[in-house]
Protein chains: 4
Amino acid sequence: MKTVLLAGFAPFNGESLNPAWEAVAMLQGYADATFRVESRQLPCAFGSARQILSDFVKELSPALVVVVGQAGGRPDITIERVAINVDDAPIKDNAGQQPIDQVIAEDGPAAYFATLPLKSIVCALRELGIPASVSQSAGTFVCNHVFYGLMHFLATQMPNSRIGAGFIHIPYLPAQAANRPGAPSMALDTVVMGLQCAIQVALSTSEDRKEAGGTTH
Amino acid sequence: MKTVLLAGFAPFNGESLNPAWEAVAMLQGYADATFRVESRQLPCAFGSARQILSDFVKELSPALVVVVGQAGGRPDITIERVAINVDDAPIKDNAGQQPIDQVIAEDGPAAYFATLPLKSIVCALRELGIPASVSQSAGTFVCNHVFYGLMHFLATQMPNSRIGAGFIHIPYLPAQAANRPGAPSMALDTVVMGLQCAIQVALSTSEDRKEAGGTTH
Amino acid sequence: MKTVLLAGFAPFNGESLNPAWEAVAMLQGYADATFRVESRQLPCAFGSARQILSDFVKELSPALVVVVGQAGGRPDITIERVAINVDDAPIKDNAGQQPIDQVIAEDGPAAYFATLPLKSIVCALRELGIPASVSQSAGTFVCNHVFYGLMHFLATQMPNSRIGAGFIHIPYLPAQAANRPGAPSMALDTVVMGLQCAIQVALSTSEDRKEAGGTTH
Amino acid sequence: MKTVLLAGFAPFNGESLNPAWEAVAMLQGYADATFRVESRQLPCAFGSARQILSDFVKELSPALVVVVGQAGGRPDITIERVAINVDDAPIKDNAGQQPIDQVIAEDGPAAYFATLPLKSIVCALRELGIPASVSQSAGTFVCNHVFYGLMHFLATQMPNSRIGAGFIHIPYLPAQAANRPGAPSMALDTVVMGLQCAIQVALSTSEDRKEAGGTTH
């Protein structure tokens, strides 16, 4: 039985909820004959979020780690391709921190690529009728920080493991967009179904599909 | 018992479905102690759609008429404020027609305003957690054509009636947006719940709320 | 010698400049053998702006009246198709007024169409390499108010005149967009050249081109 | 006298011009007492563009290398933060190649950061009234390929040099946007002025400003 660690962020920037955590919480215990999901919440704070996630990985020995965050303004579920070694916060995190152009890991590489089968997940989501795409940037806030931190932890502390790991951004919920005229949204059920699909594809895919998923700029 | 005529368009522009009709069809028979919905499909064709809608009004003697159309690319449910007396089609309709700058009714005014309580509907939708706004233009294609035609029919053929009438645009469904990277969408359940809310508010509101719902341009 | 009345708004909403007035002011005296432009500033205020524009029309007896306003967020020069008989202000005007769902002219029709050759202007601008399109809504703020007021004045006070009249919206200047990350802009030279082109086309076109310029919604 | 190598791409994707090359060509010989610009064109082709740029660096021994590319759809001048080690082409390049998820340099790191003072350039551009921002992704097409290739060449072939190097994306020209309704644009003069400013800031800044320039996602 494989364990899937599914982590979602707590609300931030004054919000009362975070759709990432709402969706992740609903998937606690989601399982089939081969895997079981353990859902965990992360604080929206530089440093501590990364540390806590590493502790969860050590505790749970998962076969797959997927972190989920809110990308307010995006219309679809986006599978992140790459995490970069820089914090550059446009707003304060929940601990009041706002690092600018700071390295995440002094000894780390400039970036890590997700080890999820990005294209296979996007194709499967679209076939299910769920809007999805590959994203070339997870930003420079806590989401990218945790994503980079996760990949760096796996690369340096568990170098021989073959744990699949990556980051998925989701849109606002409709109730959030109702207060932000012009913002796109996605129903919670759709997000949950999308995450279930992504987990199944990630666990069952040994080699990613060769489908274009890039951008000209 | 009041009858609500809810009309939705057939698929157009090569689509295999129209979310407007999907939602409208699900509401056939929706009722409470005071009203009952009759759902009808309209062809996406200049002229015939307008004529058929007028026939439905004559047949059903509704207290409220709401026409629903797809606004691909919009992120929220939009309550249309005004229909203008011009056809200017950017694409062909289902009958192969593409009128350019043609008057809809030679003897008609330049425009008609919806007689729905726009602001009350938008407020109620947002309170329900459904993204919604007032739209200042229903375009110049079959949606505007039918909306104008409806209001002109009511004004000229049933001038003493007090039938509430208007037009609501809805986003793509997720399954449509899955094939159009970057397009926002809304789940069918959310749209259906939104239309139920709009109908109830329209039937129960005698004077619209004074809430800003305009735009600077 | 025909007179062209070109009116542009004063800054509003706390801005230090309005690109509409910047462009209009540069065109004072613009002329050829057949016409001469008189540029005038309008206050951004419901009521007074409309009254002052009517006074300018009476004073100057123009053959063509074009009002120019800022449409922050639009990427191109937009030629407005229609003015509607409603004020619904999302922000306060310069006089502190914020009317909601108020009729502009109690005795007026629901809307007036511009009497400019919209399609010919858009085609000519694009041929010049200037982004342009027809707009189906001038909003519900002071721009629409003045546009409607102008058309109503001409229709009721000068019913036998054949004065061409309409409204053109322009984007932010680059210097404005520099403070609004994500906002498109247009250089002042491009706007001025576009207005010159629009004036020439409006004066020289007796029948508009039949080119699609509408929208599906 | 320092040499600045300014490289711009040839037209691609069936376009008859590339604003990047138009702007770069106008800056050939741009100079002051301390520097002089050498402008060079790059083909829009994976592999050869990267090789040719390396040859230009060897030939010219520049103190600063800035590559300029078109980012159709962006409204402002964007200073790229990072190049990633992957080609994933959504369209074919000018040589008919469309690599998918291919590594650029087998022996290279996952990414390189630009060595331009990103924040200082953005601030200086905005102070000049030119819309600008930091971009977190240069895409996965030839622009990113050349940007990555440049940084990898400098890191591996000239490891002790202190050559500043980076990539700047620019919007469509107005004449391009005139054929793409809804697309933002920027006048060539504005782009040229922006590149002059960026060059001067890059040459004169020893330590970048600490200004937030990141994104939440």
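Preceding this section is the structure that the text describes.
Let me sum up the structure you'll find in this document. Along each chain, residue indices are assigned from 1 in the same order as the chain's sequence is written. In the order they appear in the text, chains get letters beginning with A and ligands get numbers beginning with 1. Note on the predicted model: pLDDT of at least 70 is required for a residue's local features to be given, and 80 or more for side-chain atom pairs to be given and counted; whole-chain, interface and lining totals, by contrast, use all residues. Side-chain figures throughout are based on the complete set of non-hydrogen atoms in the structure, without hydrogens or water.

### What about helix 1 (residues 19-26) of chain C?
Residue and element names in this part refer to chain C.
Alright, step 1. Turning to helix 1, its buried residues number three or more, namely Pro19, Ala20, Ala23 and Val24. Buried positions in helix 1, seen along its axis, are confined to an arc of 130° and lie on one side of it.
Alright, step 2. Any two residues whose heavy atoms approach within 4.5 Å are treated as being in contact. Secondary structure counts use DSSP, requiring at least four H or I residues in a row for a helix and at least two E residues in a row for a strand, with both numbered from the N terminus. Considering only its buried residues, helix 1 is in contact with strand 1 (2-9), strand 2 (35-42), strand 3 (64-70), strand 8 (164-170), helix 5 (174-177) and helix 6 (188-204).
Alright, step 3. For helix 1, the N-terminal capping position is held by asparagine 18, with its side-chain oxygen 2.8 Å away from the main-chain nitrogen of alanine 20. Exposure classes here rest on a 1.4 Å probe applied to the protein chains alone. A residue is buried below 20% of its type maximum, exposed above 50%, and partly exposed in between. Our arc is simply the arc of the directions from the helix axis toward the C-beta atoms. Under this definition, polar contacts are N or O atom pairs within 3.5 Å; protein pairs additionally need one hydrogen-donor-capable and one acceptor-capable atom, and for neighbouring residues in sequence, both atoms have to be side-chain atoms.

### Here's the deal with the interface of chain C and chain B
Alright, step 1. In this assembly, 37 residues from chain C lie in contact with 37 residues from chain B.
Alright, step 2. Reported buried area values correspond to the accessible surface (1.4 Å probe) lost by two parts on association, with both partners' losses combined. At the boundary of chain C with chain B, total buried surface from both sides reaches about 2,800 Å², with 61% on carbon and sulfur atoms.
Alright, step 3. Of all residues in chain C, the largest losses of buried area upon contact with chain B belong to Phe113, Thr216 and His217 of chain C, amounting jointly to 23% of the total for that side.
Alright, step 4. Throughout this description, the term salt bridge denotes a Lys or Arg side-chain nitrogen within 4 Å of a carboxyl oxygen of Asp or Glu. Linking chain C to chain B there are 8 salt bridges.
Alright, step 5. Our enumeration of links across chain C and chain B arrives at 20 residue pairs in polar contact (both at pLDDT 80 or more).
Alright, step 6. Those elements giving two or more residues to the side of chain C that touches chain B turn out to be strand 5 (82-84) and strand 6 (111-113) of chain C.
Alright, step 7. No other element matches strand 6 of chain C, which puts 3 residues into the side of chain C that touches chain B.
Alright, step 8. The class makeup of the residues in the side of chain C that touches chain B is 16 nonpolar, 14 polar and 7 charged. Only Asp, Glu, Lys and Arg are considered charged in this grouping, and only Ala, Val, Leu, Ile, Met, Phe, Trp, Tyr, Cys and Pro are considered nonpolar; every other residue, Gly among them, is considered polar.

### Quick notes on the interface of chain A and chain D
Alright, step 1. On the chain D side, the residues contacting the 38 residues of chain A number 37 residues.
Alright, step 2. Buried surface at the junction of chain A and chain D, summed over both partners, amounts to about 2,800 Å²; 62% is from carbon and sulfur atoms.
Alright, step 3. If you look at where chain A meets chain D, you find 8 salt bridges.
Alright, step 4. Its salt-bridge partner being aspartate 88 of chain D, residue lysine 119 of chain A comes within 2.7 Å of it at the nearest N-O pair.
Alright, step 5. Linking chain A with chain D are 20 residue pairs in polar contact (both at pLDDT 80 or more), by the criterion used here.
Alright, step 6. If you list the elements that add at least two residues to the side of chain A that touches chain D, you get strand 5 (82-84) and strand 6 (111-113) of chain A.
Alright, step 7. With 3 residues, strand 6 of chain A is the largest single contributor of residues to the side of chain A that touches chain D.
Alright, step 8. Among the residues making up the side of chain A that touches chain D, the classes are represented as 16 nonpolar, 14 polar and 8 charged.

### Concerning unusual backbone geometry
Alright, step 1. A positive phi angle is found at serine 61 of chain A, which is not glycine, with a value near 45°.
Alright, step 2. One can find serine 61 of chain A in the loop between helix 2 (48-60) and strand 3 (64-70).

### Section: the sheet that holds strand 1 of chain C
Residue and element names in this part refer to chain C.
Alright, step 1. Between any two strands, pairing holds if DSSP finds at least two bridges. Within the open sheet, the 6 strands sit side by side as 2-1-3-8-4-7. Their pairing is mixed. Strand pairing shows two members of the sheet lacking a second neighbour, strand 2 and strand 7 (132-135), which therefore form its edges. Looking at each pair of strands side by side, their axes are set apart by 25° on average, direction ignored.
Alright, step 2. Across 2 bridges, strand 4 (residues 77-80) lies against strand 8 in antiparallel orientation. Directly across from isoleucine 79, in strand 8, lies its bridge partner isoleucine 168.
Alright, step 3. Angles shown run from 0 to 180 degrees and are taken between the N-to-C directions of axes, each axis being a line fitted to C-alpha atoms and, for helices, limited to the stretch in contact. Running at roughly 155° to strand 2, helix 2 (residues 48-60) makes contact with strand 1, strand 2 and strand 3 of the sheet.

### Here we look at the sheet that holds strand 8 (residues 164-170) of chain D
Residues and elements named next belong to chain D.
Alright, step 1. On the basis of which strands lie adjacent, the open sheet formed by 6 strands has the order 2-1-3-8-4-7 and mixed pairing. The open sheet has two edge strands with one neighbour each: strand 2 (35-42) and strand 7 (132-135). Between one strand axis and the next, the sheet turns by 25° as a mean value, whatever way the strands run.

### A closer look at the relation of the copies chain A and chain D
Alright, step 1. In this comparison the copies share one frame, found by least squares on the C-alpha atoms of residues holding pLDDT of at least 70 in both. The two copies are related by a screw motion: chain A maps onto chain D through a turn of 180° and a shift of 0.0 Å along the axis, at an RMSD of 0.0 Å. Taken together, these values place the two copies in the relation of a two-fold axis.
Alright, step 2. Looking at the interface residues of chain A, 97% of them are also at the interface in chain D, so both copies use one shared face.

### A few points about the relation of the copies chain C and chain B
Alright, step 1. Aligned on chain B, chain C shows an RMSD of 0.0 Å; the corresponding rotation is 180° and the shift along the axis is 0.0 Å.
Alright, step 2. Most of the interface of chain C is mirrored in chain B: 100% of its interface residues are interface residues there too.

### Quick word on the packing of helix 2 of chain A against helix 4 (residues 142-157) of chain A
All names here are of chain A.
Alright, step 1. Two numbers describe how helix 2 lies on helix 4: the axes approach to 9 Å, and their chain directions differ by 40°. Judged by the angle between their axes, helix 2 and helix 4 are oblique. As helix 2 runs across helix 4, the sense of the crossing is right-handed. From helix 2, Ala49, Arg50, Leu53, Ser54, Val57 and Lys58 reach across to helix 4, where they touch Val142, His145, Val146, Gly149, Leu150, His152, Phe153 and Leu154.
Alright, step 2. Looking at the contact of helix 2 with helix 4 residue by residue, the class counts come to 8 nonpolar, 4 polar and 2 charged. What sets the label is the angle itself: under 35 degrees gives roughly parallel, over 145 gives roughly antiparallel, 65 to 115 gives roughly perpendicular, and the rest give oblique. By definition, any crossing whose near helix is turned counterclockwise from its far helix by less than a right angle is left-handed, and any crossing with a clockwise turn is right-handed.

### Some points on the pattern of salt bridges
Residue and element names in this part refer to chain A.
Alright, step 1. Applying the stated rule across the entire model yields 48 salt bridges over all chains.
Alright, step 2. Two residues, arginine 40 and glutamate 59, come together in a salt bridge whose shortest N-O distance is 3.7 Å. Taken as a pair, arginine 40 in strand 2 (residues 35-42) and glutamate 59 in helix 2 lie far apart in primary sequence, 19 residues in all.
Alright, step 3. The exposure class assigned to glutamate 59 is exposed, which follows from its relative accessible area of 52%.
Alright, step 4. A salt bridge links lysine 58 to aspartate 55, with the shortest nitrogen-to-oxygen separation between them at 3.8 Å. Linking lysine 58 with aspartate 55, this pair stays in helix 2, spanning 3 residues, or about one helical turn.
Alright, step 5. Here aspartate 55 falls in the partly exposed class, since its relative accessible area comes to 35%.
Alright, step 6. In this structure, a network of salt bridges that share partners links the residues Arg36, Glu38, Arg40 and Glu59.

### Looking at the arrangement of the chains
Alright, step 1. Regarding chain A and chain C, which are not in contact, the minimum distance between any of their C-alpha atoms is 13 Å.
Alright, step 2. In this structure chain B stays clear of chain D, and the shortest span between their C-alpha atoms is 13 Å.

### Re the side chain of serine 120 of chain C
Residues and elements named next belong to chain C.
Alright, step 1. Mapped onto the elements of the fold, serine 120 is located in helix 3 (residues 118-127).
Alright, step 2. Looking at serine 120, the relative accessible area reads 8%, which means it is buried.
Alright, step 3. Among the polar contacts listed, one links the side chain of serine 120 to the backbone nitrogen of arginine 209, at a separation of 3.2 Å.
Alright, step 4. Leaving out residues up to four positions away in the same chain, serine 120 has contacts with Val201, Thr205, Glu207, Asp208 and Arg209.

### Focus on helix 6 of chain C
Alright, step 1. Expected helix span is given by 1.5 Å per residue-to-residue step, counting one fewer step than there are residues. When the terminal C-alpha atoms of helix 6 of chain C are compared, their 24 Å separation across 17 residues agrees well with the 24 Å that a helix rising 1.5 Å per residue should span.
Alright, step 2. Every buried residue of helix 6 of chain C is accounted for by Thr190, Val191, Val192, Gly194, Leu195, Cys197, Ala198, Ile199, Val201 and Ala202 of chain C.

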